[in-house]
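Commentary on secondary and tertiary structure
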Protein chains: 2
Amino acid sequence: MQNKYLVIYQDLLEQIEDDIHPVDSYLPSENELKAQYQTSRETVRKALTLLSQNGYIQKVRGKGSVVLPQNKFDFPVSGLVSFKELRDKLGEDNKTHVLALETRLPSRHIKKQLLIDDDDMSTLVTKVIRAREINGEKVILDKDYFLAEKISGLTAQVAQDSIYQHLEGTLGLSISFAKKEITVEDPTEEDRDSLDLDGFHNIVVIKNYVYLDNATLFQYTESRHRPDRFRFVDFARRHH
Amino acid sequence: MQNKYLVIYQDLLEQIEDDIHPVDSYLPSENELKAQYQTSRETVRKALTLLSQNGYIQKVRGKGSVVLPQNKFDFPVSGLVSFKELRDKLGEDNKTHVLALETRLPSRHIKKQLLIDDDDMSTLVTKVIRAREINGEKVILDKDYFLAEKISGLTAQVAQDSIYQHLEGTLGLSISFAKKEITVEDPTEEDRDSLDLDGFHNIVVIKNYVYLDNATLFQYTESRHRPDRFRFVDFARRHH
DNA sequence: TAGTGGTCTAGACCACTAA
DNA sequence: TAGTGGTCTAGACCACTAC
């Protein structure tokens, strides 16, 4: 966070969130920012590009950078956000039940998801299954599969709290990007057993393939939501 | 498309898709590309950054740019893609039924979505309702609301073909970005009337707020999918 | 040590907006 | 016309990887 462009990004973001730059107003021009921060214009532009990509501003040629309507109330399920971060933002009554935690040879299906060769009989996978309770009802079932060699010290207590904090904080792993697929499916036996499905006939399934900095796939996750507790918000720019 | 960095981007993208740079291989280094294209390194980097943002490569410090597993088979519902583009890629048996097309004063609800003041009694909105048929079944209901002043010449024929092509091609409007929300809801009377719901008890609802280049909101769309015909794929980078 | 990508600079010219 | 953002350049120094 000592990079100049990140400092500028954080500063401006904070100012937008504090309403110092209200919606529909213009940020200082690139030349003004360049003078303010004693830097070059390209560095200022890097910060503004980041803001633009994350949906905070829109740059308009000949005019300036407009502040867009806030994402404040949006579920930040877009991008990569863990349940813990979500929970902290939502402030609702939440609980996590760790239903399983074991390391072993993966099934054929899991091998396929994690791009492990079918003949490979040595790569171990750590499986974590957790039910998420919101306001007294179990509404999300998270099934995580990690390459065991990459994660050590994954205890029930860690799974209870935040695996991502463990990975990024304690282990120093750097999660880089993920591919996600959202579909709607029929509930499985396991869904019925582990969740409070009430009368719901469908389950929203989010399949997540998570990659590290060095482009290696290291986690496959299935997050299974009761439909009424599912919401996904996305910001997308059109690439011409 | 005459920008140097876009040319480099397109070239590399094509080479990746043609398997000249297979998955897990490295692209030429930035210095090599700089020499190849007779340009500066920053311009090369701009192209590579675009590839990275769109999920085609991962840049690894000290090593190079690795080609990631392909998005080829992914539904490109992520980002901003119209039904027509989708249809073209899918090549399935598709049809569009235009159920309504009219321009009038909007309801209170639509005013709210399009950020029109409640007291405003002059701003007209064009409503288009279309049912999408795939393999003989009507499975998607698209309800579009446009600021009428921005779109002219929107006929049933255009709605039948592609509104986006009309907007970007004929009218020269530049769609810039959109905010999307995905939820699962109970079907309405209208859903039951317009779609072949079979036994399905839920509808996947995608609410879309579309903005132009100059940061003005000009379209609100509700796309209502039968759950078995819904799939959403997303690529997301983690911003540290 | 050589080669890679990450950041930063100080300029330049262009296209567009608004007065 | 003055001010804005969009593109591009030719360097520089740094951090990391691999040999």
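Here is a short report on the structure shown in this document. In every chain, residue numbers begin from 1 and rise along the written sequence. Each chain is given a letter, starting from A, and each ligand a number, starting from 1, according to the order in which they appear as written. Confidence filtering applies because this is a predicted model: local features only for residues at pLDDT of at least 70, side-chain atom pairs given and counted only at 80 or more, and all residues used for totals across whole chains, interfaces and linings. In computing side-chain values, all of the structure's heavy atoms are included and hydrogens and water are not.

Some points on the pairing of strand β2 (residues 64-67) of chain B
For strand β1 (residues 57-60) of chain B and β2(B), the ladder comprises four bridges, and the chain directions are antiparallel. When the sheet's bridge partners are listed, B:Gln58 is paired in β2(B) with B:Val66. We treat two strands as partners when DSSP finds at least two bridges between them. For helices the rule is a DSSP run of H or I covering at least 4 residues; for strands it is a run of E covering at least 2, with both sets numbered from the N terminus onward.

Overview of the interface of chain A and chain B
It only takes one pair of heavy atoms within 4.5 Å for two residues to be counted as in contact. Counting residues at the interface gives 49 residues for chain A and 48 residues for chain B. Buried area, as used here, totals the accessible surface that two parts lose on assembly, with accessibility defined by a 1.4 Å probe and the loss added over both. Buried area between chain A and chain B, both sides added, is near 4100 Å², and the carbon and sulfur share of it is 50%. When a carboxyl oxygen of Asp or Glu lies within 4 Å of a side-chain nitrogen of Lys or Arg, that pair is called a salt bridge. On the surface where chain A and chain B come into contact, there are two salt bridges. For the side of chain A that touches chain B, the leading source of residues is strand β6 (residues 175-185) of chain A, giving ten residues. Lys, Arg, Asp and Glu make up the charged group, whereas Ala, Val, Leu, Ile, Met, Phe, Trp, Tyr, Cys and Pro make up the nonpolar group; the residues left over, Gly among them, are polar. Taken together, the residues of the side of chain A that touches chain B break down into 23 nonpolar, 15 polar and eleven charged. One ladder, built from six bridges, connects β6(A) with strand β9 (residues 232-237) of chain B; its direction is antiparallel. Bridging from a neighbouring strand, A:Glu181 pairs with B:Val233 of β9(B).

Things to note about the sheet that holds β9(B)
On the basis of which strands lie adjacent, the open sheet formed by seven strands has the order β3(A)-β4(A)-β5(A)-β8(A)-β7(A)-β6(A)-β9(B) and antiparallel pairing. Either end of the sheet is taken by a strand with one partner, and the two such strands are β3 (94-104) of chain A together with β9 of chain B. Shown here is a sheet whose adjacent strand axes are inclined to one another by a mean of 15 degrees, direction ignored. Across eight bridges, the pairing between strand β7 (residues 203-212) of chain A and strand β8 (residues 217-225) of chain A is antiparallel. Residue A:Tyr211 lies in a different strand from β8(A), and its bridge partner there is A:Leu217. Only the stretch in contact is used when a helix axis is fitted, and all axes are lines through C-alpha atoms; the angle between N-to-C directions ranges over 0 to 180 degrees. Seen against the sheet, helix α7 (residues 163-170) of chain A touches β4 (125-134), β5 (137-147), β6, β7 and β8 of chain A and runs at an angle of roughly 165 degrees to β6(A).

A short note on α7(A)
Residue and element names in this part refer to chain A. Residues of α7 that are buried include every one of Ile163, Tyr164, His166 and Leu167, and no others. The buried residues of α7 all sit within an arc of 165 degrees when viewed along its axis, so they share a single face. Opposite its buried face, α7 presents the exposed residues Gly169 and Thr170, each directed more than 90 degrees away. If you follow the buried residues of α7, they end up packed against β4, β5, α6 (156-160), β6, β7 and β8. Where α7 ends, the next residue or the one after it, Gly172, has phi of about 70 degrees, a positive value. Three exposure classes are used, based on accessible area relative to the maximum for each residue type with a 1.4 Å probe and protein chains only: buried under 20%, partly exposed in between, and exposed over 50%. Think of the arc as the fan of directions from the helix axis to the C-beta atoms.

Description of the packing of helix α1 (residues 4-17) of chain B against helix α3 (residues 41-53) of chain B
Residue and element names in this part refer to chain B. The interhelical angle for the contact between α1 and α3, taken along N-to-C directions, is 50 degrees, at an axis separation of 8 Å. Judged on the interaxial angle alone, α3 and α1 are oblique. Handedness of the α1/α3 crossing: right-handed. Contacts between α1 and α3 involve Lys4, Tyr5, Leu6, Ile8, Tyr9, Leu12 and Leu13 from the former and Thr43, Val44, Lys46, Ala47, Leu48, Leu50 and Leu51 from the latter. Each residue belonging to the contact of α1 with α3 can be placed in one class, and the counts come to eleven nonpolar, one polar and two charged. For this classification, under 35 degrees means roughly parallel, over 145 means roughly antiparallel, 65 to 115 means roughly perpendicular, and everything else is oblique. Left-handed describes a crossing in which the near helix is turned anticlockwise from the far one by less than a right angle; the clockwise case is right-handed.

Overview of the pairing of strand β4 (residues 125-134) of chain B
Residue and element names in this part refer to chain B. With nine of its ten residues buried, β4 lies for the most part within the structure. Pairing of strand β3 (residues 94-104) with β4 involves ten bridges; the strand directions are antiparallel. Each residue of the ladder has a partner; that of Glu102, found in β4, is Lys127. Inspection of the sheet shows β4 paired to strand β5 (residues 137-147) by ten bridges, in the antiparallel sense. What sits directly across from Lys127, in β5, is Tyr145. The hairpin turn running from β4 into β5, its antiparallel successor, is two residues long, and Asn135 in that turn takes a positive phi close to 50 degrees.

Structural notes on the packing of aromatic side chains
The aromatic pairing rule takes the rings of Phe, Tyr and Trp, using the six-membered ring of Trp, and pairs them if the centres are within 6.5 Å, calling planes under 30 degrees apart stacked, those over 60 edge-to-face and the rest tilted. Throughout the structure, instances matching the rule amount to eleven aromatic pairs over all chains. Look at A:Phe177 and B:Phe235: their rings are 5.3 Å apart centre to centre, the planes differ by 40 degrees, and that puts the pair in the tilted class. Separated into two different chains, A:Phe177 in strand β6 and B:Phe235 in strand β9 make up a pair that spans both. Between B:Phe177 and B:Tyr211, the aromatic rings sit 4.6 Å apart at their centres with planes inclined by 10 degrees, giving stacked as the arrangement. Here B:Phe177 is found in strand β6 (residues 175-185), whereas its partner B:Tyr211 is found in strand β7 (residues 203-212), with 34 residues between them in sequence. You'll find B:Phe177 and B:Tyr211 in the same group, each marked buried. Through pairs of rings, three or more aromatic residues link up here, namely A:Tyr145, A:Tyr209 and A:Tyr220. Its end group placed over the ring of A:Tyr5, A:Lys46 keeps NZ or CZ at 4.8 Å from the ring centre. Either the NZ atom of lysine or the CZ atom of arginine qualifies as a charge over a ring when it sits within 6 Å of the ring centre and within 35 degrees of the ring normal.

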